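So the chains spell out like this:
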4 protein chains.
Amino acid sequence: MQAIVVSPPKKGIEYVDFQEEDGTGIPVRIRETGICGTDREIVNGQMASASLPRGSSFMVLGHEAIGVVQEDGESIRKGDLVMPVNRRGCGHCLACLNGRPDFCETGGFVEAGIKGMHGFMRETYWDEERYLVRVPRGIEDIAVMAQPLSDLEKSMEEVMQVQNRLPWKCPDGSLGCRKALVVGTGPIGILTSLLLRSYGLGVFISNVREPSREEQKIFDDADITYYNSSSGYSALRDKHGEFDLVFEASGADASMLPQLLGIIKNNGVLGLFGFPRSGYASFSHTDLQNLVYRSIAVVGLINGQKPHFQSAMNRLAAWKVMFPVATSLLITRVLDHTERDSVREALTSKTPGEIKVKIRWS
Amino acid sequence: MQAIVVSPPKKGIEYVDFQEEDGTGIPVRIRETGICGTDREIVNGQMASASLPRGSSFMVLGHEAIGVVQEDGESIRKGDLVMPVNRRGCGHCLACLNGRPDFCETGGFVEAGIKGMHGFMRETYWDEERYLVRVPRGIEDIAVMAQPLSDLEKSMEEVMQVQNRLPWKCPDGSLGCRKALVVGTGPIGILTSLLLRSYGLGVFISNVREPSREEQKIFDDADITYYNSSSGYSALRDKHGEFDLVFEASGADASMLPQLLGIIKNNGVLGLFGFPRSGYASFSHTDLQNLVYRSIAVVGLINGQKPHFQSAMNRLAAWKVMFPVATSLLITRVLDHTERDSVREALTSKTPGEIKVKIRWS
Amino acid sequence: MQAIVVSPPKKGIEYVDFQEEDGTGIPVRIRETGICGTDREIVNGQMASASLPRGSSFMVLGHEAIGVVQEDGESIRKGDLVMPVNRRGCGHCLACLNGRPDFCETGGFVEAGIKGMHGFMRETYWDEERYLVRVPRGIEDIAVMAQPLSDLEKSMEEVMQVQNRLPWKCPDGSLGCRKALVVGTGPIGILTSLLLRSYGLGVFISNVREPSREEQKIFDDADITYYNSSSGYSALRDKHGEFDLVFEASGADASMLPQLLGIIKNNGVLGLFGFPRSGYASFSHTDLQNLVYRSIAVVGLINGQKPHFQSAMNRLAAWKVMFPVATSLLITRVLDHTERDSVREALTSKTPGEIKVKIRWS
Amino acid sequence: MQAIVVSPPKKGIEYVDFQEEDGTGIPVRIRETGICGTDREIVNGQMASASLPRGSSFMVLGHEAIGVVQEDGESIRKGDLVMPVNRRGCGHCLACLNGRPDFCETGGFVEAGIKGMHGFMRETYWDEERYLVRVPRGIEDIAVMAQPLSDLEKSMEEVMQVQNRLPWKCPDGSLGCRKALVVGTGPIGILTSLLLRSYGLGVFISNVREPSREEQKIFDDADITYYNSSSGYSALRDKHGEFDLVFEASGADASMLPQLLGIIKNNGVLGLFGFPRSGYASFSHTDLQNLVYRSIAVVGLINGQKPHFQSAMNRLAAWKVMFPVATSLLITRVLDHTERDSVREALTSKTPGEIKVKIRWS
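Residues numbered from 1 in each chain as written. Chains lettered and ligands numbered in written order. Predicted model: local features only at pLDDT ≥ 70, side-chain atom pairs only at ≥ 80, totals over all residues. Heavy atoms only, no water.

S.K.: So what's going on with the packing of aromatic side chains? Which residues, and what values?
M.R.: Enumeration over the complete set of coordinates arrives at 34 aromatic pairs over all chains. Measuring from centroid to centroid gives 5.1 Å for Phe-120 of chain A and Tyr-125 of chain A, while their planes differ by 55°, and the two rings are tilted. For the pair formed by Phe-120 of chain A and Tyr-125 of chain A, the shared burial category is buried. Taken together, a centroid distance of 5.9 Å and an interplanar angle of 20° make the contact between Phe-219 of chain B and Tyr-226 of chain B stacked. Of the two residues, Phe-219 of chain B and Tyr-226 of chain B, neither departs from the other in class, the shared state being buried. The ring of Phe-109 of chain C is capped by Lys-115 of chain C, whose NZ or CZ atom sits 4.2 Å from the centre of that ring. (Phe/Tyr/Trp six-rings, centres within 6.5 Å; stacked < 30°, edge-to-face > 60°. Buried < 20%, exposed > 50% of the residue type's maximum accessible area, 1.4 Å probe, protein only. Lys NZ or Arg CZ within 6 Å of the ring centre and 35° of its normal.)

See the structure below:
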């Protein structure tokens, strides 16, 4: 059975014939896998934390996948379309016992295709039913987005929990008076901006360039305001005021962060999702006094779990109706797994205009 | 301008030419209004708490409506499809100041078409922008359901809050191990059962008869198990065990409640949404010891506010994709407001097989 | 080693020489045990749910105890004064894995001296460190009250959680505008009324008679208003209005409950802690409509766990300073375990004026 | 009537005869005022944000005070000992309408003796009853500590709310497995370390020197471990592991913060209470990746409101019993307001060994 594998620290991918020996649970035929920035970092040897499954000299790549169940389970039936949860718990800490390895205390979790566990870029694999989330047929075309979206459903749930520290709802009970800025227009930035619209906030999104025509269509469809931040954020603040939430989704140089802190409103929150890849964030004591005096919170946000995958499925379904233009533009390219050269290239570098590329397996 | 009015305690409706003199805010042209059980109670003189707008000898009926905005507002634009929030606050208590007149402490709130405020069964009316919720175009056909659904969004938010008193999430972080029974198959029962499926619970629904073919189609579409409770609930409990949540949506005779309490699991909750219309609920001291010993909660659930209308819009959008059969069966009849005899009849009695009847105004 | 044991369904107690064979953990020399109504029910054969430890033909009585640690543990040291947590989890359900057997889902928990586990009315016993809560030396005299108080700390935490469903804090951020009625003036009623004062609510307490001189001193010390409810509650409501919280702590005939529901304010909560011993609570459909229309909650409240024992210790310490008169009147009698006839009598019936009787062991 | 006033930006204090013209509410005779670092900053002209009451050319100093009520109010009686809440709301934003000007959104709040409102260093003043919190007689000697403690009660409530984003309670339901480091041994550091002990955490406290004999007695009384951080924190981490909570209470140079972030455990939180007075905090991209990857939160913590003053009163009462040695050492000096030279000096600089200095007014 064909699988795409990596052998870090060696760069690049290989197609191998791979059959897991100790498959338990239910067989799942992979239908599609998505490609994400993390995959490329692993392939390009830039992700130091990637680690092989115990006892293996290689790792099957891929953590965004949908597949078709091949045998009846207890509550899942043969033929059901499913998505696997990609991070699995350490089995010991209270977070993992409560189904929340996103908050694993020991660091002993594994992640499919990333850390200590084979991923999903292969034709068939076995999984336990409890890790499989049902995919509604009506969102089949965009369902690979549910994995990254699950991370953001979790992130926003966490941000809301953090903001429960104060009277955060508006006088009409909604979040309509709150304003968010999403930094970065990659798949994470786009999904986050749509998600914040669904939460009812006013949403701005920024990148250091003008938006592409497709991006602009997406933002128009969901009443999201685009801002070109190549000259910094002061023009934005001068025109639209400070933000209740700034969500960093670009992974840009760390030196940008003090600027972002500087446009946050009293009691606001700076959510950090992107991994900064370089640089230093240098905050003056005045910046920090401001953070204290204005009750600002900064929160590191990572990984979604089963309930967040379920929310993501509901969300994508709603978006197909609410943001029909935006959802139709999310998948920018579909490759068959047999197109090996194209797959290899797609796993190495991002093409201009790309939002999500997916690989078809069956 | 035509309006349907009532003059309780006089029974019946009248069509009158009515123009509010002191309209402020934004003009809204009504497109459709839904008919609900409360309307019929008012029309039939059974609702003692219905009360006229101050200084008026009659009241325009109707609290479920969608309409088209006729002038630009601040964040709402001419041509937008909107739904008005039907209950408005007393202006004094902290709940109302926080946009939550569903928990009005003074009882001084008003409700369109029910208590102290003209309703929406008329061609045009004026409203303040803050009471208008945008309706996505993609759910236009079923959007009148968003008003009753808003009540249920609020109810389920409240139930979840109540259950936060304990570790209520399942070992996988979801609500997949929790099981709910919805009592009653009217519009409220059906919407609640769909909503609980969206929350991820296993859902049963009951009535004292076999389901109609259309009802069965709805339940099949959303994996909801129907139970005929004409012989009580013991057969259900024997087969499927006790329930984490029982939601009373039938408004049946009060004598049914001890039975419902008897099938609730440790730490479970009995949500009362329907108004029992007759009878007594007699609990023995053993029933009550059981309630204490097993940490059971009983909660009265009523009215949704702006955030719940917004959730309802998102929910209906998701359901169009996730439950396409169910959503296509919700509207069972559409009348034009000019069909006065049919409207009059529809406002007096429910027809067999009816789920939601709506009146078209423009 | 002397122990007081029961052998239900046989009535009465026996003093036996008892040494647990499989003692593990840390040895604890019992200093004092409290006597509570549950002990008397077991001794008098009225508690059907009392059950013997597995494999034993009798059970050591007692669930309220303080003792002195005899050997160093990990964080507890020889000589420390401690109180054991009396209910221990089933080991399986998520509530128990989270340290919350008060919400045990399986019912498989055990309770010292009550259900499936030997109690603390003995000279020495062994326990695991995790079940021992440190007692500050400054509250040694009243520390046996911490066990019943732990149940109430848990109950009030739960009530607060339930009320989080609405804007429940007052306009000044406190609970000073909220008003509670505690029904019953036994130890539970008295502790609850003090606890509600510490939470900042206005507090009323009722019984069907005039208060004793000692009771009145306690209530005066903590600004608690006493009400003689022998003629019902309407005079109370007429004078002081409705209540945000009614806490049933009397275990009186169930027929009283509809009256209590009738004096609860919009959005209020009826907490049931006492086990009604007889009768029926018959609610009319109008009572129930009222419950729905006014968003009232009824909650069964039982058992506190380790965090609640810790809160109880802090609370008793604060009360020694804040309510010095009240705390000095809580212990009404101290018996030595060698005064067998007096102990036997105290374990059979309550004496007039009694609040808490304790037995000294060392 | 004598009052101590400042006239920033002019340095120093003056004693003046001052009578507020428009006193409304209830007259309060000041008994004692505490001196805090903020007072000294204002006196020494270092606090740029200090601002005069509208229309006044000076400001009465002082925000920590207890006094005796001179006339009956609604729920407060003549002779009651009270403490005024020092920050008052803007009157407009939802936080302030909910009694939470600690989260004022407009910045339009005033603060007695600091920003736009006369303080309490005077013989008598008038106040509205809603801003007065009753002081139990039993804590009269240390009650001025309740104002700074209220800030910390609020801070810890906020930290707990932030940590509700994850399963933060230990397997026994307590916080006993959590470990906190408090940085700084001023009054704020000491009160915070005692407070965290009351919450049940393991507590460490650090300063860049050895503790004084008195400090060591305080820490011993409450099982707090002192750490001399003059050589950094790595020795602490090597011996005791990482911390779930680091609370910055020193206001030291900002360059210390990256070190503190470096000793925080997965899912931990860095609470910033002290205002850094100098320097830059420079975080590398690796530091920030770590924050994201490990779900760390950083939160600015400031000001307590009425409910936190009430908690602080309960807390001080409990501490008198639980930490009798520690509480007896908190007040290091009492000056009479007529000792003008000593008061002037005490308001200019901190003396070695000082914890809290208070001025007696009546």
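S.K.: Could you give an account of the state of the cysteines, naming the residues involved and the relevant values?
M.R.: Taken as a whole, this structure holds four disulfides over all chains when the rule is applied. Disulfide pairing is shown between Cys-170 of chain B and Cys-177 of chain B; the S-S distance is 2.0 Å. For the disulfide bridge between Cys-170 of chain B and Cys-177 of chain B, the dihedral angle about the S-S bond is near -95°, and by the sign convention the bridge is left-handed. For Cys-177 of chain B, a relative accessible area of 41% translates into the label partly exposed. Cys-90 of chain A carries a free sulfur, and the closest cysteine sulfur to it, the one in Cys-96 of chain A, is 3.8 Å from it. (Disulfide = S-S within 2.5 Å.)

S.K.: Please give an account of the relation of the copies chain A and chain D that cites residues and values.
M.R.: The transformation that overlays chain A on chain D combines an axial shift of 0.0 Å with a rotation of 180°, and the residual RMSD is 0.0 Å. Here the symmetry operator amounts to a two-fold rotation axis. In this assembly, 100% of the residues forming the interface of chain A have copies in chain D that are likewise at the interface, indicating an isologous arrangement. (Least-squares fit on C-alpha atoms with pLDDT ≥ 70 in both. Contact = heavy atoms within 4.5 Å.)

S.K.: Requested: an account of the interface of chain A and chain D, with residues and values cited.
M.R.: Contacts between the two partners involve 54 residues from chain A, matched on the other side by 54 residues from chain D. The tally of links from chain A across to chain D stands at four salt bridges. Linking Glu-105 of chain A and Arg-178 of chain D is a salt bridge whose minimum nitrogen-to-oxygen distance equals 2.8 Å. Remark: the boundary between chain A and chain D carries 19 residue pairs in polar contact (both at pLDDT 80 or more). Elements represented by at least two residues in the side of chain A that touches chain D include exactly helix H2 (94-97), helix H3 (146-163), strand E16 (264-272), strand E17 (280-284), helix H8 (285-293) and strand E18 (297-300) of chain A. No other element matches the six residues that H8 of chain A contributes to the side of chain A that touches chain D. Classifying every residue of the side of chain A that touches chain D by side-chain character gives 29 nonpolar, 16 polar and nine charged. Both E18 of chain A and strand E18 (residues 297-300) of chain D contribute to a ladder of three bridges, which runs antiparallel. The residue bridging Val-299 of chain A from the neighbouring strand is Ala-297 of chain D, located in E18 of chain D. (Salt bridge = Lys/Arg side-chain N within 4 Å of Asp/Glu carboxyl O. Polar contact = N/O pair within 3.5 Å; in protein donor to acceptor, adjacent residues only side chain to side chain. Helix = DSSP H or I, 4+ residues; strand = E, 2+ residues; numbered from the N terminus. Nonpolar A, V, L, I, M, F, W, Y, C, P; charged D, E, K, R; others polar. Pairing = 2+ DSSP bridges.)

S.K.: Go over the UniProt feature "domain: Alcohol dehydrogenase-like N-terminal" (unreviewed entry) in chain A with me, naming the residues and quoting the values.
M.R.: When the UniProt feature table is mapped to this numbering, "domain: Alcohol dehydrogenase-like N-terminal" (unreviewed entry) covers residues 27-136 of chain A. Along residues 27-136 of chain A one finds 10% helix and 30% strand; the C-alpha atoms at either end are 19 Å apart. (UniProt positions renumbered as here; feature names shortened; annotations may be inferred.)

S.K.: Give a detailed account of the sheet that holds strand E8 (residues 110-112) of chain D, specifying residues and quantitative values.
M.R.: In any sheet, the strands associate via hydrogen bonds between backbone groups, in a parallel or an antiparallel arrangement. All names here are of chain D. An order of E7-E8-E9 is seen for the three strands of this open sheet, with the pairing classed as mixed. Every other strand in the sheet has two partners, leaving strand E7 (87-88) and strand E9 (116-117) as the edge strands with one partner each. Two elements, E7 and E8, share two bridges in a ladder whose sense is antiparallel. The residue bridging Arg-88 from the neighbouring strand is Val-110, located in E8.

S.K.: Kindly report on the interface of chain C and chain B, identifying the contributing residues and their values.
M.R.: Taken together, the contacts link 53 residues of chain C with 54 residues of chain B. Buried surface at the junction of chain C and chain B, summed over both partners, amounts to about 4400 Å²; 61% is from carbon and sulfur atoms. At the boundary of chain C with chain B, the tally comes to four salt bridges. When contributions to the side of chain C that touches chain B are tallied by element, the ones reaching two or more residues are helix H2 (94-97), helix H3 (146-163), strand E16 (264-272), strand E17 (280-284), helix H8 (285-293) and strand E18 (297-300) of chain C. Counting residues per element, the side of chain C that touches chain B draws most heavily on H8 of chain C, at six residues. Partitioned by chemical class, the residues of the side of chain C that touches chain B number 29 nonpolar, 15 polar and nine charged. (Buried area = accessible area lost by both parts, 1.4 Å probe.)

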